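Analysis of the macromolecular model
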Amino acid sequence: MKRIKLQAALCSAAVMTAALAPAQAQEVVRLGNLKFAHYGAVSYIKEIAPKCGIKVDERVFAKGLDVMQAIIAGELDVGTTASEAAISGRAGGAPIYVVAGFAKGGAQLVSRADLKLKSVKELKGKKVGVTRGGIQEVLLLAELQQNGLSVSDQPGKDVQLVFLAYADLNQALLGKQIDAMMQSEPQSSQAINKGFGTEIIKPYDTPIGEPVRTMVMTEKFYKEKRPLAEKFMNCFVQATKTFIDNKAIAEKYVREVVFKGQITKDDFDDAIGNSPYSYDITPEHIQTTTDVMVKTGVGRMAKPPVAKDWVKTDLLEAAKKSLGVK
C-alpha cells in the first residue's frame, strides 16, 4: 500500500513539474514604455508574449528621459522613446543600442482656436508650450530657427517657451495660458477635435523630416541574452504587423486598454494618421536628429554620439525576414 502511495506521489510531482516547466521557461523581458497612441503596438507585445515563449513586464513612464534613467539604473532591458531621449541618453553614458523604429511623426503645432494662427512666423510675440527635452522641443526649435525667430523661456525674444508636461499642455491651451503648443499624439488631435485648438503645421519640413520613435536595448541584453533578444524582436514585429494589418485590433487595444476609454475613435484615427506604426530606423536618421539637436542646443551634449556606432538593426532585419515582413 505504501509503495502504491509513493508511486502516486511521485507521479503527481512529475505532472506538477511538467506543468510548471513552460512557465519557468518563459524568460522575462523588462520593458519601459510611454503612454501615447503610437506606442500601442509596443504595449501589445506583452499580450502576445506567451506565444513568443517569453514574458514581458511593462513599466509606463511619463517621458523618454525617465526611461533612460531606468536603463542607467539597470531596471530595464528594453525601452521606447523618441529619438532625442535615446540620443541624449547615449551621450550621457546610457549603455544602449537603437534596434528598431516603431512609429513615425507624432507631433503637431497647434494654435489656440480663437487665435487661428496659420504659420510659424505668426508665433512672433506669442507664448508656446512644449515639453522640455522631448522630440517636440527639437522640432519646435528647428522650425523657429528656419523661420528666423529668436526664442527663450524668458520674456524678450520673439517667442517665449513655456515648459510643461505632455499631460498639462492641452489644459494650458484651453485655459489660454499659452497661445500655441507643440504637442504629441493623441493629445494634439484631441485639442483639435474638442474645438479649442487648430492645426498650424505638422512639423516635418525640417532636416529631421518625420521623427522616428526609437526602441533601444541595453548593450548587456543585446550581447549577453541574444536568444531572448531575438525572441523579443520577433514578438515586436508580430505585434506591429498585427496593428498595421488590423486597425480594429489596434484601435480597440489603444482606446480600451491603454487609454481606458479616454480617447474617441476620431482621436485615435487622427493620432495614428499622424503617427503610423512602423519597424525601421536608419543610422542616417539618428545622425541627422543628433546634428539638429546640436544646432538647436537641445540636450546640451558634451560629446554627441555617432549614430553608426550604436544603431544596430540586425535583430530587426532577421526578425522581419523570418516572419516574411518587408
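Note that the structure is a prediction, hence the values are computed from the model and not measured. (Residues numbered from 1 in each chain as written. Predicted model: local features only at pLDDT ≥ 70, side-chain atom pairs only at ≥ 80, totals over all residues. Heavy atoms only, no water.)

**Quick look at the overall build of the protein chain**
For clarity, the cut-off: Going along the chain from the N terminus, every DSSP run of H or I of four or more residues is numbered as a helix, and every run of E of two or more is numbered as a strand. Partly exposed describes any residue whose relative accessible area lies between the buried limit of under 20% and the exposed limit of over 50%, with all areas from a 1.4 Å probe on protein chains only and scaled to the type maximum. Throughout, a contact is declared for two residues whenever any of their heavy atoms are within 4.5 Å. Accessible surface is estimated by sampling points in the Shrake-Rupley manner with a 1.4 Å probe; for residues, cover comes only from the protein chains shown. Residues counted as positive are Lys and Arg, residues counted as negative are Asp and Glu, and His and the chain ends are not counted. Working definition for charges: the position is that of NZ of Lys, CZ of Arg, CG of Asp or CD of Glu.
Looking only at helices and strands, the protein chain features 13 helices and 11 strands. Across its three principal axes, the protein chain shows a C-alpha extent of roughly 90 × 40 × 35 Å. The buried share among the 326 residues of the protein chain stands at 52%. Restricting to contacts in the protein chain with at least 6 residues of sequence separation, those with at least 24 account for 78%. Working note: accessible area of the protein chain is about 14,900 Å², and carbon and sulfur atoms make up 53% of it. Taking the average place of the 44 positive charges on the side chains of the protein chain and the average place of its 36 negative ones, the gap between the two points comes to 5 Å.

**Some remarks on the packing of aromatic side chains**
How two aromatic rings sit relative to each other is set out by the distance from centre to centre and by the angle between their planes. The condition is simple: Stacked, tilted and edge-to-face are the three classes assigned to paired rings of Phe, Tyr and Trp, where Trp is represented by its six-membered ring and a pair needs centres within 6.5 Å; plane angles under 30 degrees give stacked, over 60 edge-to-face, the rest tilted.
Applying the stated criterion across every chain, the model contains nine aromatic pairs. Centre to centre, the rings of Phe 36 and Tyr 166 are 5.0 Å apart; their planes meet at 80°, and the pair counts as edge-to-face. Here the residue Phe 36 occupies a position in the loop between β1 (27–34) and α2 (40–48), and Tyr 166 occupies one in helix α6 (residues 166–174), the gap between them amounting to 130 residues. Comparing Phe 36 with Tyr 166 shows no difference in burial state: the two are buried.

**Here we look at α2**
Counting buried positions along α2 gives seven out of nine residues, so the element sits mostly inside the fold. Within α2 the residues assigned to the buried category are Gly 40, Ala 41, Val 42, Ser 43, Tyr 44, Ile 45 and Ile 48.

**Concerning the pairing of strand β6 (residues 127–130)**
Put simply, the rule reads: At least two DSSP bridges between two strands are needed for those strands to be called paired.
The sheet contact formed by β6 and strand β8 (residues 159–163) spans four bridges and is parallel. Paired with Lys 127 across the strands is Gln 160, a residue of β8. Note that β6 and strand β9 (residues 180–184) share two bridges and pair parallel. Residue pairing for β9: Gly 129 is matched across the bridge by Met 181.

**Focus: the side chain of His 38**
Summarising the element assignment, His 38 is placed in the loop between β1 and α2. The exposure class assigned to His 38 is buried, which follows from its relative accessible area of 1%. Contact partners of His 38, with chain neighbours within four places excluded, come to Phe 102, Ala 103, Gly 106, Ser 184, Glu 185, Arg 213, Ile 272, Ser 275 and Tyr 277.

**Some thoughts on the sheet that holds strand β3 (residues 78–81)**
So the rule is basically this: Here an angle of 0 to 180 degrees is reported between the N-to-C directions of two axes, which are lines fitted to C-alpha atoms, with helices fitted over the stretch in contact.
Spatially, β2-β1-β3-β11-β4 is the arrangement adopted by the five strands of the open sheet, whose pairing is mixed. Where the open sheet ends on each side, the last strands, each with one partner, are β2 (54–61) and β4 (96–104). Across the sheet, the mean angle from the axis of one strand to that of its neighbour is 20°, orientation sign disregarded. Across seven bridges, β4 lies against strand β11 (residues 212–218) in antiparallel orientation. What sits directly across from Gly 101, in β11, is Thr 214.

**Remarks on the sheet that holds β8**
One open sheet accounts for six strands, arranged β7-β8-β6-β9-β5-β10; its pairing is mixed. Two strands bound the open sheet, and with one partner strand each, they are β7 (151–152) and β10 (197–201). Bridge count between strand β5 (residues 107–112) and β9: five bridges; the pairing is antiparallel. Bridge pairing links Ser 111 to Ala 180 in β9. Along the sheet, α6 makes contact with β5, β6, β9 and β10, crossing β9 at roughly 145°.

**Description of the pattern of salt bridges**
What counts here: Salt bridges, as used here, are contacts in which a Lys or Arg side-chain nitrogen is within 4 Å of a carboxyl oxygen on Asp or Glu.
Using the criterion set out here, one finds 22 salt bridges in the structure. One salt bridge in this structure joins Arg 112 and Asp 179, with 3.0 Å as the shortest N-O distance. Of this pair, Arg 112 sits in strand β5 while Asp 179 sits in the loop between α6 and β9, and the two are 67 residues apart along the sequence. Residue classification places Arg 112 among the buried residues on the basis of a relative accessible area of 11%. Between Asp 309 and Lys 308 there is a salt bridge, with the nearest N and O atoms lying 3.7 Å from each other. Connected through shared salt-bridge partners, Lys 247, Glu 251, Arg 255, Lys 265 and Asp 269 make up one network.

**Concerning unusual backbone geometry**
Pro 186 follows Glu 185 through a cis peptide bond whose omega is 10°. When you line up the elements, Pro 186 lands in the loop between β9 and α7 (187–193). If you check the backbone angles, Lys 176 has positive phi at about 60° while not being a glycine. With respect to the helices and strands, the residue Lys 176 is situated in the loop between α6 and β9. For Lys 176, a relative accessible area of 51% gives the class exposed. Phi is positive for Lys 260, which is not a glycine, with a value near 50°. Tracing the backbone shows Lys 260 in the loop between α10 (247–258) and α11 (265–273).

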